[in-house]
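Working through the structure, step by step
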Amino acid sequence: MCGIVGYIGVDDSKDILLTGLEKLEYRGYDSAGIALLDENEVYVTKVKGRIAALREKVDANTAATVGIGHTRWATHGEPSEDNAHPHQSGSGRFTLVHNGVIENYSEVRDQFLADVPFKSETDTEVVVQLIEYFVAQEGDVLAGFREALTVLKGSYALALIDNQNSDQLYVAKNKSPLLIGLGEGFNVVASDAMATLKETNRYVEIEDKEVVLVRREGVEIQKLDGSVVERDAYVAEIDAADTEKGTYPHFMLKEIDEQPVVIRKIIQEYQDNEGDIKLDNDIRQAMQRADRIYIIAAGTSYHAGLVGKQFLEKLANIPVEVHIASEFSYNMPLLSENPLFVFISQSGETADSRSVLVQIKALGHPALTITNVPGSTLSREADYTLPLHAGPEIAVASTKAYTAQVAVLAILAVDSAKAKGMDLSFHPLQELGIVASAMEALTDQKEEFERIAKEFFATTRNAFYIGRGVDYYVVQEAALKLKEISYIQAEGFAGGELKHGTIALIEEGTPVIAISTQENINLSIRGNIQEVAARGANTCIVSMKGLEKDSDTFVVPAVHELLTPLVSVIPMQLLAYYAALHRDCDVDKPRNLAKSVTVE
Ligand code: F6R
């Protein structure tokens, strides 16, 4: 969480920083700030609130060719102007922005900074004061910066300004993402390439526990011991236009609409010239060696993992366990002899998942990451990566990444089955083509979903979603979508489980939405709907063509029974979107959330 950006060059850095921060707002948006260094004077502007408010507050007359900026998702201290970054050292010489969590900040404060007065409740202020403390001891900024880093425990991406040197930014990283963007006569620093695509598409990665001296004419990467590291730059393949909303009112709606295109892109990327599945042979072999797969993920990606389990067990006959990352870390199950860990993560930065990756690597187990960001931490640290090819997902509520994850898991399962010599009648690439057309038919019917959302969610306080089998996995995702953006308390339940307690919550008018896409459960889920209707619920059934009844609220086009989550989730995403819209919620940036959850 939190996003940082830095610039050193010849142009006025103000607008570059503010525009970069706007692109990083998905990482947190409760407060923000920038610091501009002009000659020896540092101008700090901070706000509680969004970048738009910061833009308004920044003095248009201040121009500086060096600057750093930050958008915050609070961890230590409430969202406020005092707690917003940048933070400054006692003398005002050093100014710092930080993304991450310093675990030992209170020990550091007690040990080194007992006499120093603090202006904020943040762990970051401890870092900048510690840097000043060590610079005083060492008599040199770089040596003091390095010394401070050796003391800090936790995660950080840091960009530091020294007001006595306007020719250099000091940058470092550990566990939090950070990239250096390279330009002609300028260089930039950002938590995500998206923030600086207007300036450059050439980047160099920084690894954990490295320090970078960023100057106008070049960058120097060093290890903590001072030895210099040479690393090649790469060209980011993100199209700047993909990070814009275009004519859409919200990124979420744009991303929902992009799903058919994403599925077609996945078909293209995972197909060889003969029309067969194209997959890295090392991944194929790793799948063959595994006697059990452990899927590790959080939130929406966890829900995609549940669907993936069905594919892998039903098609490839491999036992699969799906675990919530934050639980696995502290409650590791008994592992099989030859496990393969599959991390599913849109961002590739989720700290809960990364902590499991670190744990299982220490045990010597192999890991595959399925992610939308191939250069991300989870991707770099795992043995293998399968990319999602979904393009940047900017709305906080995940939509196209979920369907991309499900599609890639289906391809992986079929490939594994084939590699085992199993004869399947299921051809995922052809079937995914049918799915893409079905998705298009659904996204073309937005007015209908807007009407249904109004009918069921306009004023309700809570809502229930029910399903059985694979539909149960989809209703969990449906409930998450609804609650995160509309703030309606929603739960996704197994249809048969309601009567064991939760049915007590059903009152006159409570919305209960059922999904029915599987022949073997069609009658039983309808029975469950009858049970809640008899108790006054306002019921809605979304069924699949071929299984429908006249009274169903909506019928989705038929696709292969294994792939139904890819189409039944689209009405759920659109219902959540319109529910949030009609309740005047901030669809793309719901309260309390951030897109990239880099704290545990
Ligand atoms: C919900 C959502 C989150 C993420 C979760 C994991 O719409 O986006 O639940 O799925 O925070 O994030 P990733 O997939 O980046 O690991």
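Residues numbered from 1 in each chain as written. Predicted model: local features only at pLDDT ≥ 70, side-chain atom pairs only at ≥ 80, totals over all residues. Heavy atoms only, no water.

Relative to the assigned elements, R146 resides in helix α5 (residues 141-151). Summary of buried charges: R146 has no salt-bridge partner, and the nearest side chain of opposite charge, D140, is 5.9 Å away. In this structure, R146 is in contact with V211, Q222, K223, L224 and G226, ignoring residues within four places of it in sequence. (Helix = DSSP H or I, 4+ residues; strand = E, 2+ residues; numbered from the N terminus. Buried < 20%, exposed > 50% of the residue type's maximum accessible area, 1.4 Å probe, protein only. Lys, Arg positive; Asp, Glu negative; His and termini not counted. Salt bridge = Lys/Arg side-chain N within 4 Å of Asp/Glu carboxyl O. Contact = heavy atoms within 4.5 Å.)

In this section: the packing of aromatic side chains. The final tally for this structure, using the stated rule, is 13 aromatic pairs. Judged by centre distance (4.6 Å) and plane angle (45 degrees), the ring pair of F449 and F554 falls under tilted. Residue F449 is located in helix α15 (residues 446-457), and its partner F554 is located in strand β25 (residues 554-556); the two are separated by 105 residues in the primary sequence. For F554, a relative accessible area of 6% translates into the label buried. Measuring from centroid to centroid gives 6.4 Å for F464 and F493, while their planes differ by 50 degrees, and the two rings are tilted. On the criterion of sequence distance, the pair formed by F464 in strand β21 (residues 462-467) and F493 in strand β22 (residues 489-494) is long-range, its members being 29 residues apart. (Phe/Tyr/Trp six-rings, centres within 6.5 Å; stacked < 30°, edge-to-face > 60°.)

Once that is clear, we can look at the site of the ligand. By nearness alone, 15 residues border the ligand, and S301, S345, S347, T350 and E484 come closest of all. S301 has a polar side-chain atom sitting 2.5 Å from an oxygen atom of the ligand. Measuring from an oxygen atom of the ligand, one finds a backbone N or O atom of V396 at 3.4 Å. In isolation the ligand offers 400 Å² of accessible surface; the protein chains occlude 89% of this area. (Near = heavy atom within 4 Å. Polar contact = N/O pair within 3.5 Å; in protein donor to acceptor, adjacent residues only side chain to side chain. Areas by Shrake-Rupley, 256 points an atom, 1.4 Å probe, with all protein chains shown as cover.)

Relative to the helices and strands, T243 resides in the loop between β15 (234-235) and α6 (251-257). Taking relative accessible area as the criterion, T243 reaches 3% and is therefore assigned buried. If near-sequence neighbours (up to four positions away) are discounted, T243 is found in contact with K23, M194, L197, I238, F251, P392 and I394.

With 125 residues, the main nonpolar core has I293, F311, F457 and Y465 as its most contacted residues. If sequence neighbours within four positions are ignored, Y465 has contacts with F457, V475, A478, A479, L482, A490, E491, G492, F493, I513 and M572. F94, L130, F134 and L213 belong to the second-largest nonpolar core, a separate cluster that totals 28 residues. (Core = buried A, V, L, I, M, F, W, Y, C linked by side-chain atoms within 4.5 Å.)

Attention now moves to the environment of N187. Position of N187 relative to the elements: it lies in strand β10 (residues 187-190). In this structure N187 comes out as buried when scored by relative accessible area, which is 2%. Ignoring sequence-local partners within four residues, the contact set of N187 consists of G6, Y7, I8, G181, L182, V214, R215, R216, E217, G218 and V219. A polar contact is formed between the side chain of N187 and the backbone oxygen of R215, at a distance of 2.7 Å. Side-chain polar atoms of N187 contact the backbone oxygen of R216, separated by 3.4 Å.

Each strand in a sheet pairs with its neighbour through backbone hydrogen bonds, running either in the same direction (parallel) or in the opposite one (antiparallel). Strand order across the open sheet formed by 5 strands is β22-β21-β23-β24-β25, with parallel pairing between neighbours. The open sheet has two free edges, formed respectively by β22 and β25, since each of these has just one partner strand. Shown here is a sheet whose adjacent strand axes are inclined to one another by a mean of 20 degrees, direction ignored. (Pairing = 2+ DSSP bridges. Axes fitted to C-alpha atoms, helices over the stretch in contact; angles between N-to-C directions.)

Now for empty space enclosed by the protein. Counted by the stated rule, this structure contains 1 cavity of 30 Å³ or more. Contributing to the lining of the largest cavity are 16 residues, with C2, W73, T75, H85 and G100 lying nearest its centre. Of all the secondary-structure elements, those providing two or more residues to the lining of the largest cavity are β6 (94-99) and α4 (123-138). For the lining of the largest cavity, the residue count by class is 5 nonpolar, 9 polar and 2 charged. (1 Å grid on protein atoms, 1.4 Å probe; cavity = no way out; pocket = protein on both sides within 12 Å on 5 of 7 lines; lining within 4 Å. Points joined across faces, edges and corners; volume = space filled by probe spheres on them. Nonpolar A, V, L, I, M, F, W, Y, C, P; charged D, E, K, R; others polar.)

Next up on the list: the pattern of salt bridges. Evaluation of the coordinates by the stated rule reveals 33 salt bridges. The partner of E440 in a salt bridge is R264, with the nearest N and O atoms 2.9 Å apart. Of this pair, E440 sits in helix α14 (residues 428-443) while R264 sits in helix α7 (residues 259-269), placing them 176 residues apart in sequence. The exposure class of E440 is partly exposed, given its relative accessible area of 32%.

Domain assignment breaks the protein chain into domain 1 (2-241), domain 2 (245-442) and domain 3 (445-600). Each of domain 1 and domain 3 was reduced to a C-alpha centroid, and the two centroids are 43 Å apart. Together, the buried faces of domain 1 and domain 3 total about 940 Å²; carbon and sulfur atoms form 54% of this surface. Taken as a group, Y26, Y29 and W73 account for 52% of the area that domain 1 buries against domain 3, more than any other trio of residues on that side. The interface formed by domain 1 and domain 3 contains 2 salt bridges. The shortest N-O distance in the salt bridge between R50 and D586 comes to 2.5 Å. At the junction of domain 1 with domain 3, the criterion picks out 6 residue pairs in polar contact (both at pLDDT 80 or more). The residue makeup of the side of domain 1 that touches domain 3, split by class, is 5 nonpolar, 3 polar and 3 charged. (Domains from an automatic or database assignment. Buried area = accessible area lost by both parts, 1.4 Å probe.)

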